[in-house]
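The lines below spell out each chain.
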Amino acid sequence: MASRPRSRTGPRTTGSPGTHEPPVLDVDALLDDPGTGIVVCTGSGGVGKTTTSAALALRAAERGRKVVVLTIDPARRLAQSMGIEELDNTPRPVQGVDTAAGGRLDAMMLDMKRTFDEVVLSQATPEKARQILENPFYVALSSSFAGTQEYMAMEKLGQIHRAAQADGSYDLIVVDTPPSRSALDFLDAPERLSSFLDGRFIRLLLAPARGPARMMTAGLSLVTGALTKVLGAQVLRDMQTFVTAFDTLFGGFRARAEKTFALLQNERTAFVVVAAPEPDALREAAYFVDRLSEDAMPLAGLVVNRASPSPTGALSADEAMAAASRLRDADPSSLTAGLLRLHADRSRLVEREARLRSRFTAAHPDVATTVVPALAGDVHDLEGLRQVGALLAGG
Amino acid sequence: MSTRKQEFGARAPSAAASAWSHVRLHVVTGKGGTGKSTVAAALALALASHGRNVLLCEVEGRQGIARMFDVDPLPYEERRIASGLPRADGLPGHVHALHIDPESALMEYLAMYYKLGRAGRALDRFGVIEFATTIAPGVRDVLLTGKVFEAVQRNSRNKGATRYDAVVLDAPPTGRIAQFLNVNGELAGLAKVGPIKSQADTVMTLFRSPRTLVHLVTVLEEMPVQETADGIAELRSVGLPIGGVVVNMVRPRDLAAADLAAARAGTLDRARVAADLESVGVAHDPALLDGLLAEAADHAERRALEDAQREVVQGLGVPIFELAREPAGIDLGSLYDLAAELREGGLG
Ligand SMILES: Nc1ncnc2c1ncn2[C@@H]1O[C@H](COP(=O)(O)OP(=O)(O)OP(=O)(O)O)[C@@H](O)[C@H]1O
Ligand SMILES: Nc1ncnc2c1ncn2[C@@H]1O[C@H](COP(=O)(O)OP(=O)(O)OP(=O)(O)O)[C@@H](O)[C@H]1O
Ligand SMILES: [Mg+2]
Ligand SMILES: [Mg+2]
């Protein structure tokens, strides 16, 4: 499945050489293409992944596709307006979607621990499952291990995908990704989790159970001695119980993670990388774009979200500031001075954002991009999502 | 943006803030991306005057400090990285930085408190260090907070180390902060006895004392403010001392209240604006006028949202410090500007 990463964006409007104008990400072409089966929205924390996934899903549904969106930690009001504030870990129909074009929209909010528990329950005997679910190490692993949320998002995606394949319930799955410092976490998590579960120490704890490992036992008693000294004996016992009980599940976990990873490399998948026009977010986006191409994963393009709307009129920031200070000399509370300063502020922001974006484009000239201006208010209902959807599609 | 300073931090320093001079540990948390690292750095600069030594710590493995201060990535080692913001008497202090990672902290802890010798190296070789610092519940946080504690409360075991007048911690985000600082409670189910437990107890005593303050950074948007309110409630419920709420990236207040209302209603006096522009020789056309009025309407709508959120913040019953949004972004120079704003507000 080593299809090359490509831009699945319909006709490209390539900028003239020398300018840093990226090709345009044609969102409607992406959503309408029956060949698009999965859209994954990634990006660093707070940039608008959840908003973008919900907006894309709604737009696709209203353009006629049978869509399910898997959201992670949506803002409370957004969750309410989509009817998914209940965490029951299954997709529910969203009310108020325009189904005239024949599409529909289901939505769900990921419950990470529950997803993990369900995997354990499906893989182990009831007796063993109970042992695992109660173990403090499992509780920590399933609720706070860095990467578990990403891993479970992938697991849930795999489940929904299999179900949709079986019964044709959906033809498009839109996936939000967890709030993490780095978008790379999403791709690294399954590997992190399986390599952790496959780590030296776990193998060591299992060694007596797994047969001939006599030369390790000298090391082991040193280690257990030291651990007992620092952590106490109870901790060590809990650890051992956990690892032993979990042993039979490791293989299953790894196999599932590999399957989902392959699904992400499938050419029916499209990654949408979301960034704010900020240095950190764009740097993360750049890392992520590079990583997608290394891992042969299909990139659709970049969404620059919450961009400052361009000011109108040909007045530069400096001119505006100079005029404002003259007006203020005459009248300290001058309205016009205030307007000019706002204008200067916005011009500077827009200039800075343009500079940051062109830096990204210089290094990644082929990445199709769409820019979504910041709305004046939060996005917390279907109307807001429609508006963002329209902006994503270039209008 | 120093021209605007008078519009922000100009309130009298709050009474609460002036009672904070004995605080040794400032913990800075907040929703992701609201400016925790920026505020922590500015606070460290603000506290470092009069020859005081301030340590700025990060624990999330991001090398944010190095980036902000434009220095090489930090090792697990204290480094002097900047002069503090001087006071009127001109005497600055120093900001030092430390990047704490749990693996190094565990190795150091073992070396400092146990003579494990060969066993210590075996721990690493067998992947125990990795195991303990990634999965063993709470252990990671015990190690990170333990090192912060050690820096606040230096004792003779750490020979030759700098004694700091204050430590500023760029902490995990609001959603994890109570769990992070409440290491004792978190451990209760696990290490019920033993050295890790007694270490956790000592650390908790400092964290719950008046020598510690937890500040929360927010921006005036719904989700971060909600998270701040939840965070304060949670911190209070576990007995951790709340400092201030730092409201970051506040929009400039260039329009008077009446003008804001008019801007929202679309009733700003266009002719007056045109006349004003002419009076200072700015060539204008309908497009520029439309643009200015539309920008004003946008701004007014955001300000209204901000004001609504500010009221929520004010209802939290915690001292508030506002920091202006720097339109050109944050560089080392603007960190000092933010430090000055914090100090004017009475923090630092
Ligand atoms: N174009 C936009 N204009 C205005 N507000 C926006 C826009 N996009 C997103 N927002 C707002 O920004 C906030 C953060 O967005 P969102 O929750 O989608 O980000 P996220 O990337 O999912 O964050 P996290 O990493 O925390 O999951 C929300 O309050 C949302 O309403
Ligand atoms: N007052 C401000 N004016 C303008 N930009 C700011 C301001 N404060 C912070 N920023 C910028 O906002 C971005 C986020 O800030 P910062 O990294 O400090 O947040 P954080 O809460 O530490 O984020 P994270 O959760 O990722 O650790 C940075 O690009 C920073 O330069
Ligand atoms: Mg989100
Ligand atoms: Mg930070």
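Computed from a predicted model, the values in this text were never measured in an experiment.

Report on the overall build of chain A, specifying residues and quantitative values.
Summing up its helical and strand segments, chain A has 15 helices and eight strands in all. Buried positions account for 55% of the 395 residues belonging to chain A. Sequence-distant contacts, at least 24 apart, represent 79% of the contacts inside chain A between residues at least 6 apart. When the accessible surface of chain A is summed, it comes to about 16000 Å², and 52% of that surface belongs to carbon and sulfur atoms.

Account for the site of ligand 2, with residues named and values stated.
Lining the immediate environment of ligand 2, one finds 16 residues, of which B:Lys36, B:Ser37, B:Thr38, B:Asn248 and B:Glu326 sit closest. Those chains with residues close to ligand 2 are chains A and B. B:Glu326 places a main-chain nitrogen or oxygen 2.8 Å from a nitrogen atom of ligand 2. Its free accessible area being 620 Å², ligand 2 has 84% of it covered by the protein chains. If one sorts the elements of the shell around ligand 2 by residue count, helix H2 (residues 36–47) of chain B sits on top with three residues. Split by residue class, the shell around ligand 2 holds three nonpolar, seven polar and six charged.

For the environment of A:Ile160, give the residues involved together with the corresponding values.
Residues and elements named next belong to chain A. As for its placement among the helices and strands, Ile160 is situated in helix H7 (residues 148–167). When the C-alpha atoms of Ile160 and Val68 are compared, they prove to be 8.8 Å apart, with 92 residues separating the residues in sequence. In contact with Ile160, not counting residues within four places along its chain, are Val68, Pro91, Met108, Tyr170 and Ile173.

Can you lay out the confidence of the model for chain B for me, pointing to particular residues and giving the numbers?
All names here are of chain B. When pLDDT is averaged along chain B, the result is 86; 88% of the residues meet or exceed 70. Segment residues 1–12: pLDDT under 50, and 28 contacts once partners within four positions in sequence are set aside and those in other chains are kept. Both scores are given for the predicted complex: the pTM is 0.86, the ipTM 0.78.

Residues and numbers for the pairing of strand S2 (residues 53–58) of chain B, please.
Residues and elements named next belong to chain B. In terms of residue burial, S2 counts as a mostly covered element, since six of its six residues are buried. Alternating positions in S2 separate into two faces, Asn53, Leu55 and Cys57 on one and Val54, Leu56 and Glu58 on the other, with burial throughout. Looking at chain direction, S2 and strand S4 (residues 94–99) are connected through six bridges and run parallel. Each bridged residue has a counterpart across the sheet, and for Glu58 the counterpart in S4 is His99.

Give a description of the interface of chain A and chain B that names residues and reports values.
Counting residues at the interface gives 60 residues for chain A and 64 residues for chain B. Taking both sides of the interface into account, the surface hidden between chain A and chain B amounts to around 5700 Å²; carbon and sulfur atoms contribute 64%. Our count for the chain A to chain B interface comes out at six salt bridges. A:Arg346 is the salt-bridge partner of B:Asp298, the closest N and O atoms lying 3.1 Å from each other. Counting the contacts that link chain A with chain B gives nine residue pairs in polar contact (both at pLDDT 80 or more). If you tally residues by element for the side of chain A that touches chain B, the top one is helix H14 (residues 335–363) of chain A, at 13 residues. Classifying every residue of the side of chain A that touches chain B gives 32 nonpolar, 10 polar and 18 charged.

Describe the packing of aromatic side chains, and please don't skip the residues or the numbers.
Residues and elements named next belong to chain A. A complete count under the given rule lists three aromatic pairs over all chains for this structure. The interplanar angle of 80 degrees and the centroid separation of 5.3 Å between the aromatic rings of Phe116 and Tyr138 together place this pair among those described as edge-to-face. One end of the pair, Phe116, is in helix H4 (residues 112–123); the other, Tyr138, is in helix H6 (residues 136–144), and 22 residues separate them in sequence. On the basis of relative accessible area, Phe116 is assigned to the buried category, the value being 0%. Owing to a relative accessible area of 0%, Tyr138 belongs among the buried residues under this scheme.

I'd like a description of the site of ligand 1, backed by residues and values.
Taken together, 19 residues surround ligand 1, and among them A:Gly46, A:Lys49, A:Thr50, A:Thr51 and A:Leu375 come closest. Nearby residues around ligand 1 are contributed by chains A and B. Residue A:Gly46 places a main-chain N or O atom 2.7 Å away from an oxygen atom belonging to ligand 1. A:Val47 places a main-chain nitrogen or oxygen 3.1 Å from an oxygen atom of ligand 1. Protein contacts shield 94% of the accessible area of ligand 1, which totals 630 Å² for the unbound molecule. Counting only elements with at least two residues in the shell around ligand 1, the list comes to helix H2 (49–62), strand S7 (299–307) and strand S8 (369–373) of chain A. Top contributing element to the shell around ligand 1 by residue count: H2(A), with three residues. Taken together, the residues of the shell around ligand 1 sort by class into eight nonpolar, seven polar and four charged.

Tell me what's going on with the pattern of salt bridges, and back it up with residues and numbers.
Applying the stated rule across the entire model yields 32 salt bridges over all chains. We note a salt bridge from A:Lys113 to A:Asp117, for which the minimum N-O separation is 3.2 Å. Of this pair, A:Lys113 and A:Asp117 both sit in helix H4, four residues apart, which is roughly one turn of the helix. Residue A:Asp117 is classed as buried on the basis of its relative accessible area of 18%. A single salt-bridge network, built from bridges that share partners, covers B:Glu78, B:Glu108, B:Lys147, B:Glu150 and B:Arg154.

So what's going on with the sheet that holds strand S6 (residues 212–218) of chain B? Which residues, and what values?
Residue and element names in this part refer to chain B. Overall, mixed pairing links the eight strands, which are arranged S3-S4-S2-S5-S1-S6-S7-S8 in an open sheet. Whereas interior strands pair on both sides, the edge strands pair on one side only; in this sheet they are strand S3 (79–83) and strand S8 (320–324). Neighbour-to-neighbour, the strand axes of this sheet turn through a mean angle of 25 degrees, independent of strand direction. Sheet topology note: the strand S1 (residues 25–30)/S6 ladder contains six bridges and is parallel. By the bridge assignment for S6, Val27 is matched with Val214.

Which residues make up the side chain of A:Thr36, and what are the values?
Residues and elements named next belong to chain A. Relative to the assigned elements, Thr36 resides in the loop between helix H1 (27–32) and strand S1 (38–42). Classification of Thr36 by relative accessible area gives buried; the value is 0%. One polar contact links the side chain of Thr36 to the main-chain carbonyl oxygen of Leu30, over a distance of 2.8 Å.

Quick rundown of the packing of H4(A) against helix H5 (residues 126–134) of chain A? Include the residues and the values.
All names here are of chain A. Interhelical geometry of H4 versus H5 gives an angle of 150 degrees and a closest axis separation of 8 Å. Relative to H5, H4 is oriented roughly antiparallel. Crossing of H4 over H5 shows right-handed handedness. From H4, Asp117, Val120 and Leu121 reach across to H5, where they touch Ala129, Ile132 and Leu133. Its residues assigned to classes, the contact of H4 with H5 shows five nonpolar, no polar and one charged.

Which residues make up the sheet that holds S7(A), and what values go with them?
Residue and element names in this part refer to chain A. What the eight strands build is an open sheet, ordered S3-S4-S2-S5-S1-S6-S7-S8; its pairing is mixed. Each edge of the sheet is formed by a strand with only one pairing partner; in this case those strands are strand S3 (92–93) and S8. Direction of pairing for S1 relative to strand S6 (residues 269–275): parallel, over a ladder of five bridges. The residue bridging Val39 from the neighbouring strand is Ala270, located in S6. Together, S1, S6 and S7 form the strand contacts of helix H12 (residues 279–294), whose direction differs from that of S6 by roughly 160 degrees. With respect to the sheet, helix H15 (residues 382–392) is in contact with S7 and S8, its orientation differing from that of S8 by roughly 140 degrees.

Calculation criteria
Residues numbered from 1 in each chain as written. Chains lettered and ligands numbered in written order. Predicted model: local features only at pLDDT ≥ 70, side-chain atom pairs only at ≥ 80, totals over all residues. Heavy atoms only, no water. Helix = DSSP H or I, 4+ residues; strand = E, 2+ residues; numbered from the N terminus. Buried < 20%, exposed > 50% of the residue type's maximum accessible area, 1.4 Å probe, protein only. Contact = heavy atoms within 4.5 Å. Areas by Shrake-Rupley, 256 points an atom, 1.4 Å probe, with all protein chains shown as cover. Near = heavy atom within 4 Å. Polar contact = N/O pair within 3.5 Å; in protein donor to acceptor, adjacent residues only side chain to side chain. Nonpolar A, V, L, I, M, F, W, Y, C, P; charged D, E, K, R; others polar. pLDDT = per-residue confidence, 0-100. Pairing = 2+ DSSP bridges. Buried area = accessible area lost by both parts, 1.4 Å probe. Salt bridge = Lys/Arg side-chain N within 4 Å of Asp/Glu carboxyl O. Phe/Tyr/Trp six-rings, centres within 6.5 Å; stacked < 30°, edge-to-face > 60°. Axes fitted to C-alpha atoms, helices over the stretch in contact; angles between N-to-C directions. Parallel < 35°, antiparallel > 145°, perpendicular 65-115°, else oblique. Left-handed = near helix turned anticlockwise from the far one by under 90°.

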